[in-house]
Amino acid sequence: MGSTMVSEARHWINSLMLVVLTMATLTRWCSCSGAAPYHCSQLIDKENVSTHKPGPPVFDDMYATQTEVKSWSTTQSNSLRCCVTAKPDPEIIWYRNGELLSSRNYRIVIQSNGQVVTINDIRKADEGNYTCIAKNAYGNISHSFLVKVTSLFVLQKPVVILQPSPWKTFVGNNISISCTIMKSARSPFVMWFHWVKNSIKFCRGNRYHITKIKKKEKGTWLSTLTISNVTMDDQGNYTCTAKNGAGSGQAAHQNGTLIVLELKPKTSHQHEDNTFFSKNPVFLGVVIAVGVSLLIILLVSILWRRKKSRSDHGTHFPINDQQSFSKPDDNPLLLHADDMHIEIPVENLQLLMHAPGAGNDSDLDFDVFVSYSSLDRDFVKNCLYAELTTTHSVCIDFKDFEAGLFITDNIANSVFRSRKTLLVVTRNFLKGVWTFFEMQLAQGRLAEGHDVLILVLVENIPVHELPKPLQHYRKTKTYLEYFNEDVRPHFWDRLRSAIGPSLRGRETEKDESV
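Residues numbered from 1 in each chain as written. Predicted model: local features only at pLDDT ≥ 70, side-chain atom pairs only at ≥ 80, totals over all residues. Heavy atoms only, no water.

**Points about unusual backbone geometry**
With the exception of glycine, the majority of residues adopt a negative phi angle, and the majority of peptide bonds are in the trans configuration.
Next up, step 1: The amide bond that connects K87 to the next residue, P88, takes the cis arrangement and shows omega of 5 degrees.
Next up, step 2: Structurally, the position occupied by P88 is in the loop between β4 (84-87) and β5 (91-96).
Next up, step 3: Phi at N97 is positive, roughly 55 degrees, even though this residue is not glycine.
Next up, step 4: Within the secondary structure, N97 sits in the loop between β5 and β6 (99-100). (Helix = DSSP H or I, 4+ residues; strand = E, 2+ residues; numbered from the N terminus.)

**Overview of the state of the cysteines**
Next up, step 1: Using the criterion set out here, one finds two disulfides in the structure.
Next up, step 2: There is a disulfide in this structure between C82 and C132, and the S-S distance comes to 2.1 Å. On the sign convention where negative is left-handed, the bridge of C82 and C132, at about 70 degrees about the S-S bond, is right-handed. Of the two residues, C82 sits in the loop between β3 (78-81) and β4 while C132 sits in strand β9 (residues 128-136), which places them 50 residues apart along the sequence.
Next up, step 3: Given a relative accessible area of 0%, C82 falls into the buried group.
Next up, step 4: Disulfide pairing is shown between C179 and C240; the S-S distance is 2.2 Å. With a gap of 61 residues between them, C179 in strand β13 (residues 175-182) and C240 in strand β18 (residues 236-244) connect regions that are remote in the sequence.
Next up, step 5: In this model C203 remains outside any disulfide bridge; the closest cysteine sulfur is found in C240, 10.0 Å from its own. (Disulfide = S-S within 2.5 Å. Buried < 20%, exposed > 50% of the residue type's maximum accessible area, 1.4 Å probe, protein only.)

**Describing the environment of K381**
Next up, step 1: Note on placement: K381 falls in helix α5 (residues 377-388).
Next up, step 2: On a C-alpha basis, the gap between K381 and F398 in space is 9.0 Å, while along the polypeptide they are 17 residues apart.
Next up, step 3: Setting aside chain neighbours within four positions, we find K381 in contact with A386 and F398. (Contact = heavy atoms within 4.5 Å.)

**Structural notes on the sheet that holds strand β26 (residues 480-481)**
The strands making up a sheet associate through hydrogen bonds between their backbones, and the pairing can be parallel or antiparallel.
Next up, step 1: The strand order across the open sheet built from five strands is β23-β22-β24-β25-β26, with neighbouring strands paired in parallel fashion. Each end of this open sheet is capped by a strand with a single partner; those strands are β23 (394-395) and β26.
Next up, step 2: By the bridge criterion, five bridges tie strand β22 (residues 366-371) to strand β24 (residues 418-425) in an arrangement that is parallel. Residue pairing for β24: S371 is matched across the bridge by L423. (Pairing = 2+ DSSP bridges.)

**As for helix α7 (residues 407-416)**
Next up, step 1: Summarising burial for α7: nine of the 10 residues are buried, a large majority.
Next up, step 2: For α7, the set of buried residues is T408, D409, N410, I411, A412, N413, S414, V415 and F416.

**Details of the UniProt feature "transmembrane region" (unreviewed entry) in the protein chain**
Next up, step 1: Residues annotated by UniProt as "transmembrane region" (unreviewed entry) correspond here to residues 282-304.
Next up, step 2: From the first C-alpha to the last, residues 282-304 spans 33 Å; its make-up is 100% helix and 0% strand. (UniProt positions renumbered as here; feature names shortened; annotations may be inferred.)

**Structural notes on a nonpolar patch on the surface**
Next up, step 1: Side chains of V282, V286, V290, L294 and I297 sit close together on the surface and give an oily, nonpolar patch of about 500 Å² of accessible area.
Next up, step 2: Along the polypeptide, V282 turns up in helix α4 (residues 281-313).
Next up, step 3: Exposure remark for V282: the relative accessible area of 66% places this residue in the exposed category. (Patch = residues over 30% accessible without salt bridge, like charges linked within 9 Å, V, L, I, M, F, W, Y side chains within 5 Å. Areas by Shrake-Rupley, 256 points an atom, 1.4 Å probe, with all protein chains shown as cover. Salt bridge = Lys/Arg side-chain N within 4 Å of Asp/Glu carboxyl O.)

**Considerations on the packing of aromatic side chains**
Next up, step 1: Under the defined criterion, the tally for this structure stands at 10 aromatic pairs.
Next up, step 2: Where W94 meets F145, the ring centres are 6.0 Å apart and the plane angle is 25 degrees; that geometry is what we call stacked. One end of the pair, W94, is in strand β5; the other, F145, is in strand β10 (residues 139-150), with 51 residues separating them in the sequence. Of the two residues, W94 and F145, neither departs from the other in class, the shared state being buried.
Next up, step 3: Relative to F416, the ring of F189 lies with its centre 5.5 Å away and its plane at 55 degrees, an arrangement referred to as tilted. Of the two residues, F189 sits in strand β14 (residues 189-196) while F416 sits in helix α7, which places them 227 residues apart along the sequence.
Next up, step 4: Exposure remark for F416: the relative accessible area of 8% places this residue in the buried category.
Next up, step 5: Aromatic rings pair up to connect F193, F202, W434 and F437 into one cluster.
Next up, step 6: Just above the ring of W221 sits the side chain of K214; from NZ or CZ to the centre is 4.6 Å.
Next up, step 7: Directly above the ring of F398 sits K381, whose terminal nitrogen or CZ lies 5.0 Å from the centroid. (Phe/Tyr/Trp six-rings, centres within 6.5 Å; stacked < 30°, edge-to-face > 60°. Lys NZ or Arg CZ within 6 Å of the ring centre and 35° of its normal.)

What follows is the structure, given as structure tokens:
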């Protein structure tokens, strides 16, 4: 029994020592909490610090006067420390490339009264010069860090090969042409262009249909362009372009030539066929009846499949005598290049390429991309952007456009990396070229059944002054009126509801699962 009591006493003594060590460790770890004296880890031996006399901020001995170079890798998390001792407590401010560093970015965490900055899920765009400035009533000091980011992923630019040409067809027929995309492990974004003299034109509109499928071979994709109701204006050279995260590739347009032929006159054999039917009206009636029956069966099958598809996806479109949604290209909500003729010089072909769109929320980086006219920047930046960033991750040009990329690349990356596209409609917006381009890119996701557009009318613009797609949207969809003083108190709640739950919650769930 005595040995048992000794064993229990030893156990309690060991437990007590473990608690004491744990508390000591926590006390040391919390040394950046801001309690006086104000410091990160340990005080330096200076008179105004050791005696706690008032004085200007002083860095720890661990900091050199020159700029520190930090080498980080993408997807990781790292911190920058600016340990300061001062009395009274200093104010610490961080800058990146001369701009104030804000903690509104959900990936950036500023801790310990500003002494520590932690960046999570590091990206290539986080590169730059970071500077911390500490100041109080007695003076100020600063220290800089040069952060370099290395990507952990190695991608290859796609290689594009057109199917053999020339391709021949008759006026009024449909024709399909294909290109093979190789060495692209990531799904590429594909576009087709029609060369017309010294310029090129988007292959977009009701008569063009582009598909993309993954082949069995690793990193190989097949894209097909189908042109309906071919005209003489469709002849010429066609090229296929593709882009992934590593760059873009294109097929030589000289290798793809479409030749359109006039319709041939009816042959004598066709006249004989007409004579045969005219002499046998009963047989002609049977053929017509069979054809009508097959057509009715086909229409019933199409309607049933459409109804089943809508039921499976939870999507219901209002259909009446004046409106039909038989296929995506017929939907007036889709914005086609035919509504505004755009000719792009040959040397600017690369401007039209952008990153592939994401189909699932897990592939998206932002809740919403804001499309607006640069003439309305003051309202968007100081009012709309400032309010939305408190609850959602917002993609906007002055913050997220990557330096060195073409404008078209940045616009496309923003549209397809965001779950929603917010159109800030003003009269300046209706006159912009880039705003129309942003609406065009959003149609790619509309055609797949994703409700990505949010319409905000900042000015009271009559319906007849809007483009036809926006007229239809205003008549058939719910939109937001910022100019209406009666609904202004509910405007922000309705806008956040239209955007949906923030992707920030998804990042939190990922961290907890890890």
